[in-house]
Amino acid sequence: MYQAAANRYDQMKYRRCGKSGMKLPAVSLGLWHNFGHDTPHETKVDICRTAFDHGITHFDLANNYGPPPGAAEHAFGSILADDFKSHRDELIISSKAGYEMWDGPYGEWGSRKSLISSCDQSLKRMGLEYVDIFYSHRFDPDTPLEETMGALDYIVRSGRALYAGISSYNTERTRKAVAILKDLGTPCLIHQPSYNMLNRWVERDGLKETLQNLGVGSIAFTPLAQGMLTKKYLGGIPQGSRASQGKSLFPSMLTDNAVENIKKLNEIAIGRDQTLAQMAIAWVLRDGGITTALIGASKASQVIDCVGAVNNLEFTAGELAQIDKYADEEQINLWAASAEQDA
Ligand SMILES: NC(=O)c1ccc[n+]([C@@H]2O[C@H](COP(=O)([O-])OP(=O)(O)OC[C@H]3O[C@@H](n4cnc5c(N)ncnc54)[C@H](OP(=O)(O)O)[C@@H]3O)[C@@H](O)[C@H]2O)c1
């Protein structure tokens, strides 16, 4: 029987999500990888228990996380039933729809049909009555934004979700989506973009600043650049690492330039008495513009390391200037196309 740690709220910091009433942990956990059929259930349980025991109250999922798609929600549903049942009101659970999930024209993108059906499927897989946040996972250039946002509004009003969110929408579309949701009376709680020291599109695009101005919270995914912003790739590609698995971190992303810069960033982290992973998370959170860093983990010890970031979230101007020298944009934003399509 799992007994949650009595001191689970002692270390974590909780940050207000935009101008909403919701607070999110500075570090959140995503179940994109390592929660499919290719990972033993005990590992998933260990990661989730460790996260909750260290104050991570937010678990992020999507319909298609696996493999196969849906497997992560199934696995999380069983962990919820076995371990977290009595803690449901301490948890913020999110899911999303937008990427390919089932065959035919309704299994992806942003139609009302697709979003509402997918949300119902996700609730069933997780054994939940509602999720806390439901997202449009990507902008759909062929569906009127009013329809996609109307579906989110309906999902909230019908009790399937408490809040609405959007993911990988660029600044212009974010402004429109936020305005539509506001008119409908369901405010946009949060935006989920990719963001890290090697992928700074939210700064260039003005998204980060726009979200702050709009009072919408933000959750930065891949804050560790899928593991590149840790020590693990400084001497090649270790066996078992994500880059060795032919998934979403391709060896071609580990360019000589990236590895040289990561070495320098690692030295700066050592000077701050932090691991590089911790510094990468603190950097994403550095100016309050991002509410929470959404990490992934293949083992529980990584969760513990990442949570340690909250012990030092401050940077001197000198450190930030040093980091800027090496926080060079790499071609690692797999989600760029979603933000760039013409409306
Ligand atoms: N909205 C979207 O379109 C979208 C897209 C992608 C992701 N996401 C969300 O973002 C979440 C996080 O994405 P991500 O997993 O790519 O994030 P990430 O935190 O950048 O990378 C996680 C990976 O880094 C390694 N790692 C983590 N902590 C470490 C540590 N302390 N020391 C050494 N290595 C460490 C592990 O890789 P190894 O396997 O090599 O150990 C882990 O699987 C996803 O689960 C999902 O919820 C959303």
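Further up the page is the structure itself.
Residues numbered from 1 in each chain as written. Predicted model: local features only at pLDDT ≥ 70, side-chain atom pairs only at ≥ 80, totals over all residues.

The next subject is unusual backbone geometry. The omega angle of the peptide bond from Gly66 to Pro67 is 10 degrees, so this bond is cis rather than trans. Mapped onto the elements, Pro67 comes out in the loop between strand E4 (58–60) and helix H2 (71–84). For the bond running from Pro67 to Pro68, omega is -10 degrees, close enough to zero to count as cis. Even without glycine at this site, Trp109 takes up a positive phi of about 65 degrees. Here Trp109 is to be found in the loop between strand E5 (92–97) and helix H3 (112–126). Look at Asp273: it is not a glycine, yet its phi comes out positive at around 60 degrees. For Asp273, a count of 10 C-beta atoms within 10 Å puts it in the exposed group. (Helix = DSSP H or I, 4+ residues; strand = E, 2+ residues; numbered from the N terminus. Buried ≥ 20, exposed ≤ 12 C-beta atoms within 10 Å, placed from the backbone.)

Moving on: the site of the ligand. Around the ligand sit 31 residues in total, of which Gly30, Trp32, Phe221, Gly227 and Gly296 are the nearest. Elements with a contribution of two residues or more to the shell around the ligand: strand E10 (292–295) and helix H10 (300–307). By residue number, the principal contributor to the shell around the ligand is H10, which donates three residues. Within the shell around the ligand, the residues separate by chemical class into 12 nonpolar, 15 polar and four charged. (Near = placed C-beta within 6 Å. Nonpolar A, V, L, I, M, F, W, Y, C, P; charged D, E, K, R; others polar.)

Right, let's get into the nonpolar core. Core analysis: the largest hydrophobic core is formed by 98 residues, its most contacted members being Val27, Leu229, Ala280, Ile281 and Ala293. The element best represented in this core is helix H9 (residues 276–284), accounting for eight residues. Setting aside residues up to four positions removed in sequence, Val27 forms contacts with Ile56, Ile281, Thr292, Ala293, Ile295, Cys306, Val307, Ala309 and Val310. (Core = buried A, V, L, I, M, F, W, Y, C linked by C-beta atoms within 7 Å. Contact = placed C-beta atoms within 7 Å.)

So, on to the packing of helix H4 (residues 145–157) against helix H5 (residues 171–184). Two numbers describe how H4 lies on H5: the axes approach to 9 Å, and their chain directions differ by 50 degrees. It follows that H4 is oblique to H5 by the angle criterion. Judged by the twist between their axes, the crossing of H4 over H5 is right-handed. Here Leu145, Glu146, Met149, Gly150, Leu152 and Asp153 of H4 lie close against H5, whose contacting residues are Arg173, Lys176, Ala177, Ile180, Leu181 and Leu184. Classifying every residue of the contact of H4 with H5 by side-chain character gives seven nonpolar, one polar and four charged. (Axes fitted to C-alpha atoms, helices over the stretch in contact; angles between N-to-C directions. Parallel < 35°, antiparallel > 145°, perpendicular 65-115°, else oblique. Left-handed = near helix turned anticlockwise from the far one by under 90°.)

What follows concerns the pairing of strand E3 (residues 27–30). Going residue by residue along E3, you find Val27 and Leu29 tucked away on one face and Ser28 and Gly30 tucked away on the opposite face as well. Of the pairings in the sheet, the one linking E3 to E10 comprises three bridges and is parallel in character. Note on E10: the bridge partner recorded for Leu29 is Ile295. Strand direction decides the pairing type here: E3 and E4, joined by two bridges, are parallel. When the sheet's bridge partners are listed, Leu29 is paired in E4 with Phe59. Handedness of the crossover joining E3 and E4 through helix H1 (residues 41–53) is recorded here as right-handed. (Pairing = 2+ DSSP bridges. Right-handed = clockwise from strand over helix to strand, strands pointing away.)

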